[in-house]
Amino acid sequence: MKIPFYPNIGDGTHCFQAALKMALAKLLPDQEFSYEYLDKISGKGEGQWTWPTQAMLWMMDLGLTVRLIEEFDYRAFVKSGLKYLIRRYGKEVAAAQANHSDIEKERKIAAKFVELAPIEYRIPDFEDIERMISDGGIVLVNLNSAALHGLPGYSGHFVVICDLTSENVILHDPGIPPYPEHRVKRSVFERAWGYPRERDRNLMCISLK
């Protein structure tokens, strides 16, 4: 699938907006969505990472079909906030999210999101990706950018999956630095996708109705 590429911009915290811009450019080529507009509809805070929940509600209102596959318990997050993140992911990932996002704001958005969003509570796999791409969907995943590039630590990061081969995942990585049509070994992608554990994989698919 030939998907337009857009890079991360500014302070490097616009990977979700870049990934969303790619998906919208493919699905709605007659419409233009600026980074500033995507910041607004996704509720991005200055210098902060973006949770996809508010943007997913916006896409549903726009008439797009959105699917989310992950085991993240949004109701538990609404109830316990950071404490749930620590239980779910451990201190490293929870601390990174606390330092780079507004947890209390995200809890309020999640309270609405969980009542409306089409969430499939299971671990996604490569077959899901293959099937969704075959059906014309645009697949976004949030992974550990550090692990993707062979570095220590954790940095949450959105990429767009363009294709799969028997050995590689071909993805648009908005960066920084940007890597359009970046080929990554499946084993490397799996470590970054399922971080810190396999059960922490997530998958968002955006498609036309």
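Residues numbered from 1 in each chain as written. Predicted model: local features only at pLDDT ≥ 70, side-chain atom pairs only at ≥ 80, totals over all residues. Heavy atoms only, no water.

Visitor: Whenever I open this one, the packing of aromatic side chains confuses me. Can you help?
Guide: Pairs of aromatic rings are described using the distance from one ring centre to the other and the angle between the two planes. Scanning all chains against the criterion turns up 16 aromatic pairs. For the ring pair Trp51 and Phe72, a centre distance of 6.2 Å and an interplane angle of 75° mean the geometry is edge-to-face. Remark: Phe72 occurs in the loop between β1 (65-70) and α4 (74-80) and Trp51 occurs in the loop between α2 (35-42) and α3 (53-62); sequence separation between them is 21 residues. Overall, Phe72 belongs to the buried group, its relative accessible area being 4%. Lying over the aromatic face of Tyr6, Lys21 brings its terminal NZ or CZ to 4.8 Å of the ring centre. (Phe/Tyr/Trp six-rings, centres within 6.5 Å; stacked < 30°, edge-to-face > 60°. Helix = DSSP H or I, 4+ residues; strand = E, 2+ residues; numbered from the N terminus. Buried < 20%, exposed > 50% of the residue type's maximum accessible area, 1.4 Å probe, protein only. Lys NZ or Arg CZ within 6 Å of the ring centre and 35° of its normal.)

Visitor: How should the sheet that holds strand β4 (residues 156-164) be read in this particular structure?
Guide: Within a sheet, each strand pairs with its neighbour through backbone hydrogen bonds, oriented either parallel or antiparallel. Strand order in the open sheet made by the seven strands is β2-β1-β7-β3-β4-β5-β6, with mixed pairing throughout. Every other strand in the sheet has two partners, leaving β2 (119-120) and β6 (179-185) as the edge strands with one partner each. The pairing of strand β3 (residues 138-144) with strand β7 (residues 202-207) spans three bridges and is classified as antiparallel. Across the sheet, residue Ile138 finds its bridge partner in β7, namely Ile206. With respect to the sheet, helix α8 (residues 126-134) is in contact with β1, β3, β4, β5 (168-173) and β7, its orientation differing from that of β4 by roughly 65°. (Pairing = 2+ DSSP bridges. Contact = heavy atoms within 4.5 Å. Axes fitted to C-alpha atoms, helices over the stretch in contact; angles between N-to-C directions.)

Visitor: Help me understand the side chain of Asn144 in this model?
Guide: Along the polypeptide, Asn144 turns up in strand β3. According to the relative accessible area criterion, Asn144 is buried, its value standing at 0%. A distance of 3.0 Å separates a polar atom in the side chain of Asn144 from the backbone oxygen of Gly153. From its side chain, Asn144 meets the backbone nitrogen of Ser155 in a polar contact 3.0 Å long. Setting aside residues no more than four positions away along its own chain, Asn144 makes contact with Gly153, Tyr154, Ser155, Ala192 and Tyr195. (Polar contact = N/O pair within 3.5 Å; in protein donor to acceptor, adjacent residues only side chain to side chain.)

Visitor: Quick question: what am I supposed to make of the packing of helix α5 (residues 82-89) against helix α6 (residues 91-100) here?
Guide: The description of two helices packed together rests on the angle between their axes and the distance between the axes. Look at α5 against α6: their axes get within 7 Å of each other, and the N-to-C directions meet at 145°. Regarding α5 and α6, the two cross each other, and that crossing is right-handed. Where α5 abuts α6, its residues Leu82, Leu85, Ile86 and Tyr89 lie against Lys91, Val93, Ala94, Gln97 and Ala98. Each residue belonging to the contact of α5 with α6 can be placed in one class, and the counts come to seven nonpolar, one polar and one charged. (Left-handed = near helix turned anticlockwise from the far one by under 90°. Nonpolar A, V, L, I, M, F, W, Y, C, P; charged D, E, K, R; others polar.)

Visitor: Quick question: what am I supposed to make of the packing of α3 against helix α7 (residues 103-116) here?
Guide: Between α3 and α7, whose axes approach to 9 Å, the crossing angle comes to 40°. Relative to α7, the element α3 lies oblique. Handedness of the crossing formed by α3 with α7: left-handed. Of the residues in α7, those touching α3 at Thr53, Gln54, Met56, Leu57 and Met60 are Glu106, Ile109, Lys112, Phe113 and Leu116. For the contact of α3 with α7, the residue count by class is six nonpolar, two polar and two charged. (Parallel < 35°, antiparallel > 145°, perpendicular 65-115°, else oblique.)

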